[in-house]
Amino acid sequence: MKYIHSLIILSLLLLSCSKQNDDFVWERNMGNGFASFITATPDSGFLSCGQVDGTPFLVRLARDRSKMTEFKKEQTGTFTSAWCDTSRIITAGNINGKMHISCIRNNGELIWDTTLVSTYVVNNSIMLHTGSDEFVDVGSESSDSVISGPTGLLFLKFDSTGNISYRKDITETAFLAANDISCDRNGNFYLPLTRKTGSAKMKASVAKFNNSFQKIWETDLYNNPDFGAVPTSVVNDDSGNLYLTGKTELSTQAGTVDNTFITSLSSAGTVRWKKYLEQSNTGMSLVLFNNELMVLNKNCFFINKADPADGADGGRFNMFSSCDQKNTSAFGAGIDIDYQGNILLAGSKGGSYYLAVKTLQ
């Protein structure tokens, strides 16, 4: 009897720490491709972008999730980040390996667009609205690229009319890629960087740049040369602390597998704490909400929660009632929180551009 009673208690604890169901508030497939980004909008809707049929694609939905804007550019490439106000959308992405920025009206009409040429490939273009009418964009190769030759970082400042006020190119002979960008209240920028030299493993770091994109410091997140690591997302809090996620290799009895990590650094670049989360997975996107960190994993859209103070485990939230992260076609890429506290999700499912809204309850 005591054994059965213990099993019941254990089952209840597992259910409470790992919620799972398929009861979505809303979900939709929008064509052959993938959603790489999602953000809540000022009018209580949300905006997403990515790629459909090999071309850049974006969609804006109203508060009731009706479609306000749909735009597809008939060139090879991807929209990787976007911002909007009540009347227009600013996008960043790539066209044929070149940085691309544009402005689109809510009715889907293109107002302006610009493609920038660099001496290296730009497949990842991450934009940040820094306030007033200024945007910052950083472009680089994708961190999962296997190209050889020069790579670099293209920094850009521009306004909503498309006027470029500042540009800076950093070119390196070894591999260099940036996956995200965040900004503190003093105008400093933080970039998760992936580096690779020759046949060595991928190396993860985070760097702080000032407003002129001069590097202040760079901190290695993992320094064991036998195991590679890639950082994918960064956010910062009001105290200046940084939080990053990504993947690092981990040795197991079955061999080397990817493992989701989450770490926190001070604004001076000192590591505060570091945690490992999901085996056979990658942390893709990170959000700080109600003093709780939420990490979206790539495979199966698993979400891990953690305490910002010390990284203490806050439980796992499963998107689907049944999903094997070692064998799945459900891949998460972006996460945000809407005006009701629901989770906004972007990625791909079964090869389709996939968006979903799900309650945290």
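You'll find the structure just up there.
All values reported here derive from a predicted model rather than from experimental measurement.

Kindly report on the sheet that holds strand β28 (residues 343-349), identifying the contributing residues and their values.
A sheet is described by the order of its strands in space; here 7 strands give the open sequence β5-β4-β3-β2-β29-β28-β27, paired in antiparallel fashion. Every interior strand has two partners, whereas the edge strands, β5 (67-72) and β27 (330-337), have only one. Pairwise comparison of adjacent strand axes, ignoring direction, gives a mean angle of 25° for this sheet. The sheet contact formed by strand β3 (residues 46-52) and strand β4 (residues 55-61) spans 7 bridges and is antiparallel.

Outline the sheet that holds strand β22 (residues 271-279), supporting the account with residue identities and numerical values.
Taken in spatial order, the 4 strands make up an open sheet running β19-β20-β21-β22, and their pairing is antiparallel. Where the open sheet ends on each side, the last strands, each with one partner, are β19 (229-236) and β22. Averaged over all neighbouring strand pairs, the angle between strand axes comes to 25°, with direction disregarded. As paired elements, strand β21 (residues 255-265) and β22 share 6 bridges and run antiparallel to each other. Its bridge partner being in β22, N259 is matched across the sheet by Q279.

Report on the packing of aromatic side chains, specifying residues and quantitative values.
All chains considered together, the criterion is met by 17 aromatic pairs. Ring centres of Y166 and F213 lie 5.8 Å apart, and the angle between their planes is 35°; on these two criteria the pair is classed as tilted. Of the two residues, Y166 sits in strand β13 (residues 164-172) while F213 sits in the loop between β17 (203-209) and β18 (215-220), which places them 47 residues apart along the sequence. Note that R316 overlies the ring of F302, its terminal NZ or CZ placed 3.8 Å from the centroid.

Describe empty space enclosed by the protein, listing the residues and the values that go with them.
One pass over the full model with this rule turns up 1 cavity of 30 Å³ or more. When its volume is computed, the largest cavity comes out at roughly 40 Å³. Forming the boundary of the largest cavity are S44, G45, F46, A62, R63, R65, D338, Y339 and L344. Across the lining of the largest cavity, the residue classes tally to 4 nonpolar, 2 polar and 3 charged.

Let's hear about the side chain of N188: which residues, and what values?
Inspection of the secondary structure assignment puts N188 in the loop between β15 (182-183) and β16 (189-196). We classify N188 as buried; its relative accessible area is 12%. Ignoring any residue separated from it by four or fewer positions in sequence, one finds N188 in contact with S182, C183, K208, F209, N210 and I216.

An account of the side chain of T80 is needed here, citing residue identities and associated values.
With respect to the secondary-structure elements, T80 resides in strand β6 (residues 77-84). Within polar-contact distance, the side chain of T80 engages the backbone oxygen of S125 at 2.5 Å. Ignoring any residue separated from it by four or fewer positions in sequence, one finds T80 in contact with S36, F37, C49, A92, G93, N123, N124 and S125.

Residue-level account of the state of the cysteines, with values.
Within the structure shown, the criterion is met by 1 disulfide. Covalent S-S linkage joins C300 and C323, the inter-sulfur distance amounting to 2.1 Å. Taking the sign of the torsion about the S-S bond as the criterion, the disulfide between C300 and C323, at about -85°, is left-handed. Here C300, found in the loop between β24 (292-297) and β25 (303-306), pairs with C323, found in the loop between β26 (313-318) and β27; they are 23 residues apart in sequence, far enough to count as distant. By relative accessible area, which is 0% here, C300 ends up buried. Look at C323 and you get partly exposed, because its relative accessible area is 25%. Left unpaired, C84 is separated from the closest cysteine sulfur, that of C103, by 11 Å. In this structure C84 comes out as buried when scored by relative accessible area, which is 5%.

Outline the pattern of salt bridges, supporting the account with residue identities and numerical values.
If the charged atoms of two oppositely charged side chains come close together, the side chains can form a pair. One pass over the structure, following the stated rule, counts 15 salt bridges. Between R195 and E172 there is a salt bridge, with its nearest N and O atoms 2.9 Å apart. Taken together, the residues R195 in strand β16 and E172 in strand β13 connect sequence positions 23 residues apart. Residue classification places E172 among the partly exposed positions, given a relative accessible area of 23%. Residue K247 is joined to D258 by a salt bridge in which the shortest nitrogen-to-oxygen separation is 3.5 Å. Of this pair, K247 sits in strand β20 (residues 242-252) while D258 sits in strand β21; the two residues are 11 residues apart in sequence, bridging distant segments of the chain.

The rules behind the values
- Residues numbered from 1 in each chain as written.
- Predicted model: local features only at pLDDT ≥ 70, side-chain atom pairs only at ≥ 80, totals over all residues.
- Heavy atoms only, no water.
- Pairing = 2+ DSSP bridges.
- Helix = DSSP H or I, 4+ residues; strand = E, 2+ residues; numbered from the N terminus.
- Axes fitted to C-alpha atoms, helices over the stretch in contact; angles between N-to-C directions.
- Phe/Tyr/Trp six-rings, centres within 6.5 Å; stacked < 30°, edge-to-face > 60°.
- Lys NZ or Arg CZ within 6 Å of the ring centre and 35° of its normal.
- 1 Å grid on protein atoms, 1.4 Å probe; cavity = no way out; pocket = protein on both sides within 12 Å on 5 of 7 lines; lining within 4 Å.
- Points joined across faces, edges and corners; volume = space filled by probe spheres on them.
- Nonpolar A, V, L, I, M, F, W, Y, C, P; charged D, E, K, R; others polar.
- Buried < 20%, exposed > 50% of the residue type's maximum accessible area, 1.4 Å probe, protein only.
- Contact = heavy atoms within 4.5 Å.
- Polar contact = N/O pair within 3.5 Å; in protein donor to acceptor, adjacent residues only side chain to side chain.
- Disulfide = S-S within 2.5 Å.
- Salt bridge = Lys/Arg side-chain N within 4 Å of Asp/Glu carboxyl O.

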